[in-house]
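Below, each chain spelled out in residue letters.
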Amino acid sequence: MKKMVMSGLKGTVLTIVALALLLGATAPWGFTYTEPLSSAREKSDVLRVGYIESESYPAFTHGLTGIAAGLEERGIISGFDADFDEADSYTVWKSMVNSDSSTIQFAEDMFFSIKSMGAEKAAMCLNSGEIDFLIAIGTVAGIFVSESETKNDFMVLGSANPILSGIVKSETERFKPNSYAYIDLSRYRRQVDIAHNIFGFTKLGVVYEDSAAAYAYSGIDQAELSAEAKGFVITARHVDEAQDESDMERYYSELKNAYAELIAEGIDALYITTATTEDHMLPWLLEDITSAGIPTISQVGESQVKNGVMLGITLEDPMDQGRFIADLLEQYLDGTPIDQLPQVYEIVPKIFYNYDAAISGGIRLSFKNLLSFDEIYRDRNGGNNE
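My aim in this report is to walk through the structure given alongside it, one point at a time. Predicted model only: the values in this text are computed from it and were never measured.

Taken in spatial order, the seven strands line up as 7-6-8-9-10-11-12 in an open sheet, and their pairing is mixed. With one partner strand each, in any of the chains shown, strand 7 (233–238) and strand 12 (375–377) form the two edges of the open sheet. Strand-to-strand twist in this sheet, taken as the mean axis angle between neighbours without regard to direction, amounts to 20°. Pairing analysis gives three bridges linking strand 8 (residues 269–272) to strand 9 (residues 296–298), with the strands arranged parallel. Bridging from a neighbouring strand, leucine 270 pairs with threonine 296 of strand 9.

A few words on unusual backbone geometry. The residue asparagine 127 is not glycine, and still its phi comes out positive at about 55°. Note on placement: asparagine 127 falls in the loop between helix 4 (114–122) and strand 3 (133–137).

Within this structure, the stated rule accounts for 14 aromatic pairs. Measuring from centroid to centroid gives 5.0 Å for phenylalanine 133 and tyrosine 332, while their planes differ by 55°, and the two rings are tilted. Separated by 199 residues along the polypeptide, phenylalanine 133 in strand 3 and tyrosine 332 in helix 12 (residues 318–333) bring together distant segments of the chain. Among the residues examined, phenylalanine 133 registers a relative accessible area of 1% and is labelled buried. With a centroid separation of 5.4 Å and an interplanar angle of 50°, the aromatic rings of tyrosine 251 and tyrosine 252 are classed as tilted. Tyrosine 252 matches tyrosine 251 in its accessibility class, with the two residues each being buried.

Turning to the side chain of aspartate 279, a few remarks are in order. Positionally, aspartate 279 belongs in the loop between strand 8 and helix 10 (282–291). Exposure remark for aspartate 279: the relative accessible area of 5% places this residue in the buried category. One polar contact links aspartate 279 to serine 303, side chain to side chain, over a distance of 3.1 Å.

Mapping alanine 223 onto the fold places it in helix 8 (residues 220–230). Along the primary structure alanine 223 and tyrosine 271 are separated by 48 residues, whereas in three dimensions their C-alpha atoms are 9.3 Å apart. Setting aside anything within four residues of it in sequence, one finds alanine 223 in contact with Val192, Phe232 and Ile234.

Moving on, we get to the nonpolar core. Among the nonpolar cores identified, the biggest contains 36 residues, and Leu71, Phe133, Met155, Leu157, Tyr180 and Ile325 are the most heavily contacted of them. Residue assignment for this core shows that the elements contributing at least two residues are strand 1 (47–53), helix 2 (58–73), helix 3 (89–97), strand 2 (104–113), strand 3, strand 4 (153–157) and helix 12. Counting residues per element, this core draws most heavily on helix 12, at seven residues. Discounting residues that sit within four places of it in the chain, leucine 157 has contacts with Ile67, Ile135, Ala136, Ile137, Gly138, Tyr180, Tyr182 and Ile325. Val192, Leu204, Tyr208 and Leu315 belong to the second-largest nonpolar core, a separate cluster that totals 34 residues.

Each value, and the rule that gives it
Residues numbered from 1 in each chain as written. Predicted model: local features only at pLDDT ≥ 70, side-chain atom pairs only at ≥ 80, totals over all residues. Heavy atoms only, no water. Pairing = 2+ DSSP bridges. Helix = DSSP H or I, 4+ residues; strand = E, 2+ residues; numbered from the N terminus. Axes fitted to C-alpha atoms, helices over the stretch in contact; angles between N-to-C directions. Phe/Tyr/Trp six-rings, centres within 6.5 Å; stacked < 30°, edge-to-face > 60°. Buried < 20%, exposed > 50% of the residue type's maximum accessible area, 1.4 Å probe, protein only. Polar contact = N/O pair within 3.5 Å; in protein donor to acceptor, adjacent residues only side chain to side chain. Contact = heavy atoms within 4.5 Å. Core = buried A, V, L, I, M, F, W, Y, C linked by side-chain atoms within 4.5 Å.

Here it is as structure tokens:
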């Protein structure tokens, strides 16, 4: 499987906002939207669907796979071979394009990834007559589409907080009647709550980019709610995420320095949020944190636990979410307007633990805690698990 590179697109967000202004729409923070032309698609025999993602990211790919698998379970499509180990969204999209259906069609040329092609080219997906419906995955893609798509209905998935990001107004209200966003507002609060119940920390360190988008997709607002309820404090440092491969050395150097500063500040746990951090770099990045006996908690989940993070709580199940979205799409195909589809859905958490990483940091949990974990990894490099 390809190494994970997570969402963090400060420059892209600025480009998107500028492009949206040129298109006559505006950003969700403090501006007014252009009124959409319609609230639901006109009835047609086949729903033509396009896709846009913030960037290449395995979690987005798995989410797309889950949707297709859910549609196949419901008999809406056939001939799709689900592979949740596949990390490339376009490969999944081609399989969806080649699937059979009498009611839904995935447009081969309507696949877009903002980071790889840039916002200007990705704008070709907006208000297109080639499709009736647009699936957007990721916060950046969701903001991009919500600002400027007025012709077609769209569904935003994979956004940490679509309300804070300005994609929708609330759990039940939309800014635009042609919009939908999957919402689980307590997802990262539950994640931090569980970690606190296990480690009992009093000072949680976190490093994230100082931007509105990063604040949202890093779940900082939810971590702050957990801190208020549980009585711990959050100590933060800010590092600009890598813009491309040539910027990775600078990013990793600054990230490791930020971790050193947090150790000096006396943190007793570190929350590793979604960022442009490659999993294979984690053992090096975290060596001083681990040696200091500081528990590490992954927002991303299992893949980082395999690479040396002590604890990961995953609140995203691509198959479970896929079934939920497939059910919504079936309702939509039957004529339910998109602004009447329910947006809120919560996933049961799964807990992953790296036993050897914890032991190397001098951390030993009770047998009761160990029994509650879904997976326990014994090899710090992810080779073995129990």
